[in-house]
Amino acid sequence: MNTKGDAVKKTIIGEPLPQIPWQDKPKDCHDVMWRYDKNPVIERRVLKDGGRIFNSAVIPYKGEFIGVFRADHKNGYPNLHLGRSKDAIHWEIEEKIISFLNEDGSPAKPILYGYDPRLVEIKGTYYITWCNYFNGPTIGIAKTKDFKTFTQLENAFLPFNRNGVLFPRKINGNFVMLNRPSDMGHTPFGDIYLSQSPDMTYWGKHRLVMKTSHYWWKNTKLGPGPIPIETTEGWLLIYHGVCTTCSGFIYSIGAALLDINDPSKVIVDCENYLLTPEEPYETTGFVPNVAFPCATLQDAETGRIAIFYGAADTSCALAFTQVDELIDYIKAHPNRPL
Ligand code: BMA
């Protein structure tokens, strides 16, 4: 029920999250996704040894929130830090880098770098996926039940790969991960693939999900963003789309719906971006013109969705949308062939 007592459509299949951070859409906003008016929520120089915190993942945990944050250190390498928050806006981020155990319980060798983490709960176990050094970038995986002990699993893929994004439940008996094969550098290409695993170790049954298209804002590369949201209309995938300009890449936020039983099938992909760098904290920073979504929080009761995105490789920002409005918008603006 909403505040007027009307029945509310339950489009998100999941839990209520009454403590979701939220602001109503401003009256003069004509967009389907709108920004938190106090962005950025995490500024640079929060950690003593970390210049910038961005492209990070958050999740509800025991009535509050927990997150895995990317912090780029003074030695230039990014790494992963744990953070806690009561409201998902004010964060306490630990100075120390997350350390991992091997599967046999012995301490794992510290990772050289870790960036762009995603965080998901699958049946009471929390999995972190991130871009991990393995003679180049690939997808690292770790699991925890208590956010005190973290066990590092095998890397999912051979290099080079980025943006490993797990689905929040098994599909047809397998864990499923979206990913984006890449190169050693800044990757001037990139389509979204899906890979499956019975055990989080052996990955296969690879499928191509989405390719770049003629739309200028996403004609260079695409990458999966937050954990897909299960809805009655399919998996809601929020992603980043990239174009190349005379002065570099521009990262915008887009969305699509994937088939619920076979998410390698795109039901509809939105031709328009939902958010593109416009505010000073998005257009100016270490890498200008980047909006890079890595996490959402959602309330199945109201359909509210809060999107966490990295801004200009410098800070963390927050935006909002409402699931029914977003899905209607995606359906009303499908990709069209050339
Ligand atoms: C990508 C990743 C992201 C980064 C983006 C823009 O290749 O490395 O971490 O936000 O570039 O620099």
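Placed above this text is the structure.
Here goes a summary of the coordinates provided. These numbers come from a predicted model, not from an experiment.

How each quantity is defined
Residues numbered from 1 in each chain as written. Predicted model: local features only at pLDDT ≥ 70, side-chain atom pairs only at ≥ 80, totals over all residues. Heavy atoms only, no water. Buried < 20%, exposed > 50% of the residue type's maximum accessible area, 1.4 Å probe, protein only. Helix = DSSP H or I, 4+ residues; strand = E, 2+ residues; numbered from the N terminus. Pairing = 2+ DSSP bridges.

### A few points about the pairing of strand β4 (residues 78-85)
Burial of β4 is extensive: 7 of the 8 residues sit out of reach of the surface. With 8 bridges connecting them, strand β3 (residues 64-73) and β4 associate as antiparallel partners. Directly across from Val-68, in β4, lies its bridge partner Leu-82. The antiparallel pairing of β3 with β4 creates a hairpin that spans 4 residues between the two strands, and Gly-76 there sits at a positive phi of about 90 degrees. Of the strand pairs in this sheet, β4 and strand β5 (residues 92-97) are connected by 3 bridges, and their pairing is antiparallel. In the sheet register, Gly-83 faces β5, and the bridge partner there is Ile-93. Hairpin connection between β4 and β5: a loop of 6 residues separates the two successive antiparallel strands, and Ala-88 in this loop has a positive phi of roughly 65 degrees.

### A look at the sheet that holds strand β9 (residues 151-152)
The strand order across the open sheet built from 4 strands is β6-β7-β8-β9, with neighbouring strands paired in antiparallel fashion. With one partner strand each, in any of the chains shown, β6 (114-122) and β9 form the two edges of the open sheet. As paired strands, strand β7 (residues 125-133) and strand β8 (residues 137-144) are joined by 8 bridges and run antiparallel to one another. Note that in β8 the partner of Cys-131 across the bridge is Ile-139.

By themselves, these are just geometric observations and shouldn't be taken as functional.
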